[in-house]
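Below are the chains, spelled out letter by letter.
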Amino acid sequence: MTMVIRAVQNGFAGVVTGIDICAPLAPNQIAAIERGMDDYAVLTFPDQPLTDPQQVAFTANFGQLEITLAGQMAKPEERRFQQLELGDISNYAKGDTTRLRERADRARMYALANRLWHSDASFRAVGAGYTLLHARIVPSKGADTQFADMRAAYDALSAKEKAEVETLVCEHSIVFSRQEIGFADYNPGFEEHLKPVPHKLVLTHPKSGRKSLYLSSHIGGIVGWPVPEARAFLRDLTEHATQPQFVYAHKWKVGDMVMWDNRMVMHRATRFDDLKEVRDLRRTSLKGVGLEVKAQQATALAEAAA
Ligand code: OGA
Ligand code: MN
């Protein structure tokens with residue numbers, strides 16, 4: 001069996017066949033997937049019937065797994081999986097896979113912010129590198145996940161715009177994305193997780209040297225800028241970066257594993273009839289290696305600008 005990657009569009013997003021990711025991988029296979037991620041930023045693996053432990057084992061080939069914030073914030077008895085590495089991306093009611101979440105369910109309200117363009121965990125000092133989503137049950141219509149190529153979006157800026165964004169530092173917090181949809185119902189004790197963290201707006205890929213825009217709905221300001229000016233600027237930039245020519249929409253089939261690099265793409269969920277149909281995806285993600293360096297630089301730049 002030989003692994004093959006076929007690009008979906010303009011060198012963005014690749015479909016991977018000729019590999020069984022449920023089984024342990026050989027070092028050359030891991031390296032080939034990493035190269036694929038460097039090139040395509042999003043990889044999809046159709047027909048991979050992974051179990052939870054197999055998803056965790058596959059993810060661990062590429063780095064250190066993240067603990068989900070939603071899982072941490074939920075009380076233990078509210079969690080569907082006791083393993084905090086496994087994110088529950090489903091619309092099941094709390095602790096009950098025979099019922100769907102009701103309209104005003106708090107977890108449903110929180111998860112609706114996934115419909116905003118974002119980069120996973122950018123509200124942490126070190127955001128996520130790869131995120132992996134595996135489809136167990138998908139609805140009959142809707143619920144595509146859309147991905148926008150932040151390298152192509154950067155490349156398409158004018159020289160003047162590139163110079164303007166080069167040194168900017170943005171402030172990210174989970175509070176900003178939730179504010180956008182009107183959610184503020186946090187459990188007490190997580191104040192530390194709500195504080196803004198600085199990240200550079202322009203990232204440089206450590207291997208290819210390609211630059212990308214580190215945009216996210218978690219951003220609420222730019223260091224040294226008045227807030228309304230920053231928000232208006234970021235809104236324009238996000239509109240630019242998510243034009244159709246930069247976007248790939250993944251239409252889910254059961255057994256699909258999709259992995260993306262949050263340092264190169266933004267993504268968002270799209271609507272489906274979630275009060276009537278089940279959608280059950282499992283998520284794992286990795287700490288963003290390389291982003292810790294950028295976070296240090298951003299802190300230094302932010303202090304210099306203050
Ligand atoms: C996520 C996410 C999108 C989706 O799990 O981080 O943004 O389509 N999911 O569920
Ligand atoms: Mn996400």
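A few points on the structure.

Cut-offs and rules
- Residues numbered from 1 in each chain as written.
- Chains lettered and ligands numbered in written order.
- Predicted model: local features only at pLDDT ≥ 70, side-chain atom pairs only at ≥ 80, totals over all residues.
- Heavy atoms only, no water.
- Helix = DSSP H or I, 4+ residues; strand = E, 2+ residues; numbered from the N terminus.
- Rg over C-alpha atoms; globule rule 2.2 N^0.38 Å.
- Contact = heavy atoms within 4.5 Å.
- Areas by Shrake-Rupley, 256 points an atom, 1.4 Å probe, with all protein chains shown as cover.
- Donors = N, O, S within 2.8 Å, 3.2 Å for Na, K, Ca; no water.
- Buried < 20%, exposed > 50% of the residue type's maximum accessible area, 1.4 Å probe, protein only.
- Expected span 1.5 Å × (residues − 1).
- Arc of directions from axis to C-beta.
- Pairing = 2+ DSSP bridges.
- Axes fitted to C-alpha atoms, helices over the stretch in contact; angles between N-to-C directions.
- Salt bridge = Lys/Arg side-chain N within 4 Å of Asp/Glu carboxyl O.

## Considerations on the overall build of the protein chain
Okay, so step 1: Within the protein chain, the secondary structure is distributed over ten helices and 17 strands.
Okay, so step 2: Over its C-alpha atoms the protein chain spans a radius of gyration of 19 Å, differing by no more than 12% from the 19 Å that the globule rule assigns to 306 residues.
Okay, so step 3: By its C-alpha atoms, the protein chain is 50 × 45 × 30 Å across when sized along the principal axes.
Okay, so step 4: Of the contacts made within the protein chain by residues no fewer than 6 positions apart, 81% connect residues no fewer than 24 positions apart.
Okay, so step 5: As presented, the protein chain carries roughly 14300 Å² of accessible surface, and 54% of it is formed by carbon and sulfur atoms.

## Considerations on the coordination of the manganese ion (ligand 2)
Okay, so step 1: Around the manganese ion (ligand 2), the protein supplies His118 (NE2), Asp120 (OD) and His267 (NE2) as donor atoms, at distances of 2.1 Å.
Okay, so step 2: One chain supplies every donor to the manganese ion (ligand 2), and in sequence these donors are spaced H-x1-D-x146-H. In this pair, His118 sits in the loop between helix H4 (106-111) and strand E7 (128-137) while His267 sits in strand E16 (residues 265-269), placing the two residues 149 residues apart along the sequence. Neither His118 nor His267 differs from the other in exposure class; each is buried.

## Some words on helix H9 (residues 227-241)
Okay, so step 1: Over its 15 residues, H9 runs 21 Å from end to end, which matches the ideal 21 Å to within 8%, given 1.5 Å per residue.
Okay, so step 2: Residues of H9 that are buried include every one of Ala230, Phe233, Leu234, Leu237, His240 and Ala241, and no others. The buried residues of H9 all sit within an arc of 115° when viewed along its axis, so they share a single face. For H9, exposure combined with an orientation more than 90 degrees from the buried face picks out Pro228, Arg235, Asp236 and Glu239.
Okay, so step 3: Buried residues in H9 make contact with strand E8 (145-149), helix H5 (150-155), helix H6 (159-165), strand E9 (169-172), strand E12 (211-213) and strand E13 (219-222).

## Comments concerning unusual backbone geometry
Okay, so step 1: One non-glycine residue with positive phi stands out, namely Ala13, at about 70°.
Okay, so step 2: Within the chain, Ala41 stands out as a residue other than glycine whose phi angle is a positive 70°.
Okay, so step 3: With respect to the element layout, Ala41 can be found in the loop between helix H1 (27-40) and strand E3 (42-45).
Okay, so step 4: In this structure Ala41 comes out as buried when scored by relative accessible area, which is 0%.

## Considering the sheet that holds strand E14 (residues 247-250)
Okay, so step 1: If you walk across this open sheet you meet the three strands as E14-E8-E16, and the pairing is antiparallel. Strands at the two margins of the open sheet, each flanked by one partner only, are E14 and E16. Across the sheet, the axes of successive neighbouring strands diverge by a mean angle of 20°, strand direction being ignored.
Okay, so step 2: The pairing of E8 with E14 spans four bridges and is classified as antiparallel. Residue pairing across strands places Ala148 opposite Val247, the latter belonging to E14.

## Here's the deal with the pattern of salt bridges
Okay, so step 1: Following the criterion strictly, the structure yields 21 salt bridges and no others.
Okay, so step 2: Note that Lys287 and Glu66 form a salt bridge whose closest N and O atoms lie 3.7 Å from each other. Taken together, the positions of Lys287 in strand E17 (residues 280-287) and Glu66 in the loop between helix H2 (52-60) and helix H3 (69-73) put the pair 221 residues apart, joining distant regions of the chain.
Okay, so step 3: Between Arg99 and Asp96 there is a salt bridge whose closest N-O contact spans 2.9 Å.
Okay, so step 4: The exposure class of Arg99 is partly exposed, given its relative accessible area of 41%.
Okay, so step 5: In this structure Asp96 comes out as partly exposed when scored by relative accessible area, which is 21%.

## Some details on the sheet that holds E7
Okay, so step 1: Strand order in the open sheet made by the seven strands is E1-E2-E3-E15-E7-E17-E4, with mixed pairing throughout. Pairing within the sheet leaves two strands with one partner each, and these edge strands are strand E1 (4-9) and strand E4 (87-90). Averaged over all neighbouring strand pairs, the angle between strand axes comes to 25°, with direction disregarded.
Okay, so step 2: Two strands pair when backbone bridges link them, and E4 and E17 are joined in this way by four bridges, in the antiparallel orientation. Across the sheet, residue Gly87 finds its bridge partner in E17, namely Arg283.
Okay, so step 3: Along the sheet face, H1 touches E1, strand E2 (12-17), E3, E7 and strand E15 (257-261) and points at about 130° away from the line of E3.

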